[in-house]
Amino acid sequence: MGTLVHDLAHARAGDKGNTSSIAVIAYDKAGWQHLRERLTADRVHQAFAHLGAGPIRRYEVESLMALNFVIPNVLAGGVTRSLRLDPHGKSLSALMLGIELPADILQP
């Protein structure tokens, strides 16, 4: 079994219309390096595809040891249109933190 993102970072989700923005902030420099290498836009897309996520953009904020993922089309129309229990998508940060990364990530 690999390492989960929540072992290395915490996350915060926000929304704008039908788009979610999820920041993943590393706890330390070692975690930051591993997340930078392994938490790719493609890996995030695999985790969010079942929700209809569009092409995902990843931005690095090195000064904060953070990655920000912009995920279009994941909120079923957004807060004014969605019938989902969580139309703002705040729980999507939990989905992000549950992504499994390869097991070799924490090798000394």
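Just so we're clear, the structure is a prediction, and the values are computed from it rather than from any experiment.

Right, let's get into the overall build of the protein chain. Along the protein chain, the regular secondary structure elements total three helices and six strands. Starting at the N terminus and ending at the C terminus, the protein chain contains elements arranged as β-β-β-α-α-β-β-α-β. Considering only contacts in the protein chain between residues 6 or more positions apart, those separated by 24 or more positions represent 62%. For the protein chain, the computed accessible surface area is about 6000 Å², with 55% contributed by carbon and sulfur atoms.

It is worth spelling out the pattern of salt bridges at this point. Counting across every chain of the model gives three salt bridges. For Glu60, the salt bridge goes to Arg36, with nearest N and O atoms at 2.9 Å. With a gap of 24 residues between them, Glu60 in strand 4 (residues 57-61) and Arg36 in helix 1 (residues 29-38) connect regions that are remote in the sequence. Arg36 gets classed as partly exposed once you look at its relative accessible area, which sits at 26%.

When strand 4 meets strand 5 (residues 66-71), the two strands line up antiparallel, connected through five bridges. Note that in strand 5 the partner of Tyr59 across the bridge is Asn68. The turn linking strand 4 back onto strand 5 is made up of four residues, and Met65 within it adopts a positive phi angle of 55°.

Turning our eyes to something else, we now look at the sheet that holds strand 5. Two orientations exist for strands paired in a sheet by backbone hydrogen bonds: parallel and antiparallel. One open sheet accounts for four strands, arranged 2-3-5-4; its pairing is antiparallel. If you trace the sheet from one side to the other, it starts and ends with strand 2 (9-16) and strand 4, each paired once. Mean inter-strand twist for the sheet, computed between neighbouring axes without regard to direction, equals 20°. Sheet topology places strand 3 (residues 19-26) next to strand 5; six bridges connect them, and they run antiparallel. Within strand 5, the residue paired with Ile25 across the bridge is Ala66. Along the sheet, helix 1 makes contact with strand 2, strand 3, strand 4 and strand 5, crossing strand 4 at roughly 155°. Where helix 2 (residues 41-48) meets the sheet, it contacts strand 3, strand 4 and strand 5, and its direction lies at approximately 50° from that of strand 5.

Inspection of helix 2 places Val44, Ala47 and Phe48 among the buried residues, and these make up the whole buried set. Looking straight down helix 2, one finds that the buried residues subtend no more than 90° of arc, so they occupy a single side. Residues Asp42 and Gln46 are exposed on helix 2 and point more than 90 degrees away from its buried face. The elements touched by buried residues of helix 2 are strand 3, strand 5 and helix 3 (92-97).

Rules of the game
- Residues numbered from 1 in each chain as written.
- Predicted model: local features only at pLDDT ≥ 70, side-chain atom pairs only at ≥ 80, totals over all residues.
- Heavy atoms only, no water.
- Helix = DSSP H or I, 4+ residues; strand = E, 2+ residues; numbered from the N terminus.
- Contact = heavy atoms within 4.5 Å.
- Areas by Shrake-Rupley, 256 points an atom, 1.4 Å probe, with all protein chains shown as cover.
- Salt bridge = Lys/Arg side-chain N within 4 Å of Asp/Glu carboxyl O.
- Buried < 20%, exposed > 50% of the residue type's maximum accessible area, 1.4 Å probe, protein only.
- Pairing = 2+ DSSP bridges.
- Axes fitted to C-alpha atoms, helices over the stretch in contact; angles between N-to-C directions.
- Arc of directions from axis to C-beta.

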